[in-house]
Amino acid sequence: MMMSKGKLLLANGMEFEGECFGAEGTVIGEIVFTTSATGYQETLSDPDYHGQIVAQTFPLIGNYGTNEEDYASGKCHAKGYLVREWCDTPSNFRMDDNIDHFLKKHHIVGLCGIDTRRLTHILRENGVMNGAIYTDGNIDKAKLLEEIRSYTILNPVAEVTVEEPYYYPAAEEKYRVAVMDYGCKKSMIDELLKRGCSVTLLPAMTTAEEIKQLEADGIVLSDGPGNPDDNVKEIANLKSIAGLGLPMFGVSLGHQLLALAMGAKTVKLKHGHRGASQPVVDLTQNRTFVTAQNHGYAVENESITVDMGRISHINANDKTCEGIQYTAIPAFSVQFQPNVIQYQSAPESEYDRFIKMLQK
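Residues numbered from 1 in each chain as written. Predicted model: local features only at pLDDT ≥ 70, side-chain atom pairs only at ≥ 80, totals over all residues. Heavy atoms only, no water.

Asks: Which residues make up the overall build of the protein, and what values do they have?
Replies: Each helix and strand in the protein was counted, giving ten helices and 19 strands. Taking 21 Å as the expected radius of gyration for a compact globule of 360 residues, we find that the protein reaches 21 Å, a close match to that expectation. Along the three orthogonal principal directions, the C-alpha set of the protein runs to about 60 × 45 × 40 Å. Within the protein, buried positions represent 57% of all 360 residues. A separation of at least 24 residues holds for 74% of the contacts in the protein among residues at least 6 apart in sequence. For the protein, the accessible area works out to roughly 16,000 Å², and carbon and sulfur atoms hold 49% of it. Positive and negative charge centroids in the protein, built from 33 and 47 side chains respectively, lie 4 Å apart. (Helix = DSSP H or I, 4+ residues; strand = E, 2+ residues; numbered from the N terminus. Rg over C-alpha atoms; globule rule 2.2 N^0.38 Å. Buried < 20%, exposed > 50% of the residue type's maximum accessible area, 1.4 Å probe, protein only. Contact = heavy atoms within 4.5 Å. Areas by Shrake-Rupley, 256 points an atom, 1.4 Å probe, with all protein chains shown as cover. Lys, Arg positive; Asp, Glu negative; His and termini not counted. Charge placed at Lys NZ, Arg CZ, Asp CG, Glu CD.)

Asks: Provide a residue-level description of the environment of Gln359, including the pertinent values.
Replies: Along the chain, Gln359 turns up in helix α10 (residues 350–359). Of the residues examined, Gln359 reaches a relative accessible area of 54% and is grouped as exposed. Note: C-alpha distance between Gln359 and Ile28 (331 residues apart in sequence) is 47 Å.

Asks: Explain the nonpolar core residue by residue, including any values.
Replies: Core analysis: the biggest nonpolar cluster contains 32 residues, and Tyr182, Leu238 and Met248 have the highest contact counts within it. Those elements that place two or more of their residues in this core are β11 (175–180), α7 (208–213), β13 (218–221), α8 (232–242), α9 (253–261) and β18 (321–326). Examining the composition of this core, we find that six residues originate from one element, α9, more than from any other. Ranked by size, the runner-up nonpolar core spans 22 residues in total, among them Met188, Leu201, Phe332 and Leu358. (Core = buried A, V, L, I, M, F, W, Y, C linked by side-chain atoms within 4.5 Å.)

Asks: Any chance you could break down the packing of α8 against α9 for me, citing the residues and the numbers?
Replies: Relative to each other, α8 and α9 sit at 75 degrees, their axes nearing to 9 Å. It follows from the interaxial angle that α8 and α9 lie roughly perpendicular. Packed against α8, whose contacting residues are Ile235, Leu238 and Lys239, the element α9 presents Leu257, Leu258, Leu260 and Ala261 at the interface. Considered class by class, the residues forming the contact of α8 with α9 number six nonpolar, no polar and one charged. (Axes fitted to C-alpha atoms, helices over the stretch in contact; angles between N-to-C directions. Parallel < 35°, antiparallel > 145°, perpendicular 65-115°, else oblique. Nonpolar A, V, L, I, M, F, W, Y, C, P; charged D, E, K, R; others polar.)

Asks: Summarise the sheet that holds strand β17 (residues 309–315); cite the residues concerned and give the values.
Replies: Read across the open sheet, the ten strands follow the order β10-β12-β11-β13-β14-β19-β18-β17-β15-β16; overall the sheet is mixed. Every other strand in the sheet has two partners, leaving β10 (166–168) and β16 (287–299) as the edge strands with one partner each. Neighbour-to-neighbour, the strand axes of the sheet open up by a mean angle of 25 degrees, direction not taken into account. Both strand β14 (residues 248–251) and strand β19 (residues 331–334) contribute to a ladder of four bridges, which runs parallel. By the bridge assignment, Val251 is partnered in β19 with Val334. Helix-sheet contacts for α9 involve β13, β14, β15 (266–282), β16, β18 and β19, and the interaxial angle to β18 is about 55 degrees. (Pairing = 2+ DSSP bridges.)

Okay, here's the thing in structure tokens:
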């Protein structure tokens, strides 16, 4: 297959040459890497990747194709895609198309054939940085470099949240749950529905009074993209919501925003935790589990006071906070994706913990 040439330009001036696949053009974003070997369709449609260019560390991507069922959300959010090699002859009984056509369909600029191992090493050593994929050989690199270095992701939560409430009825309703949409994934709603929770998905700035009128039994704070500190209005709004006294469960960005609302602080990680093999220690059970994660920030351990609560989970690699059990309010939160922990050795997920709170 004849493919045109394209390049990746990093904010530090380094360049990688590769071949174009997916859509063509010029796209600027924050370059991040994920260590997942599968789930590329879910990655591309994950709201957590809003405004970012994703690099896959696994060398071969696309061998089982794509389909209409495995979207993490209603649309794709990644701006660009970087892989070592993509499979043009995928094979799977569920597949509808290949990854190249999928990227074209969603206007995602892709680049293959680059040294993703070297790129990952650079990001690990120097931290996450901005970059651009471009396919135009006559582009002004000096001007492009200025645009790369000045690029910021503005108000990502406002761009990914729903504009109006959506209601998802459970087959046999046991509880009513309000989900604050900061970038909610389909899997979160599915996990709640199968536990008998009718879900109302709410815009990020839904007020405490509006939630009160729903007569919800509990509140879930979804994951989402961006720097948690930038969500000043959402954090102030969350303080009022916490005052309702309803059981609350936060995930990823929701975990960070709740911590900020309760007086903690967040810090930016050097290269973030992205992938399906992140080890997390549950301090209550004194056990380690492998989790899926996608975030570039963490709650600062030292900022979690005794009056606020306690750290319930830590990352086994860098010891950052992965979960908080609150004492000041009926709430807990985790940094990882809770629906992934479904092994026989850990039959109860964090969703089950939330259901127990609703039962009480």
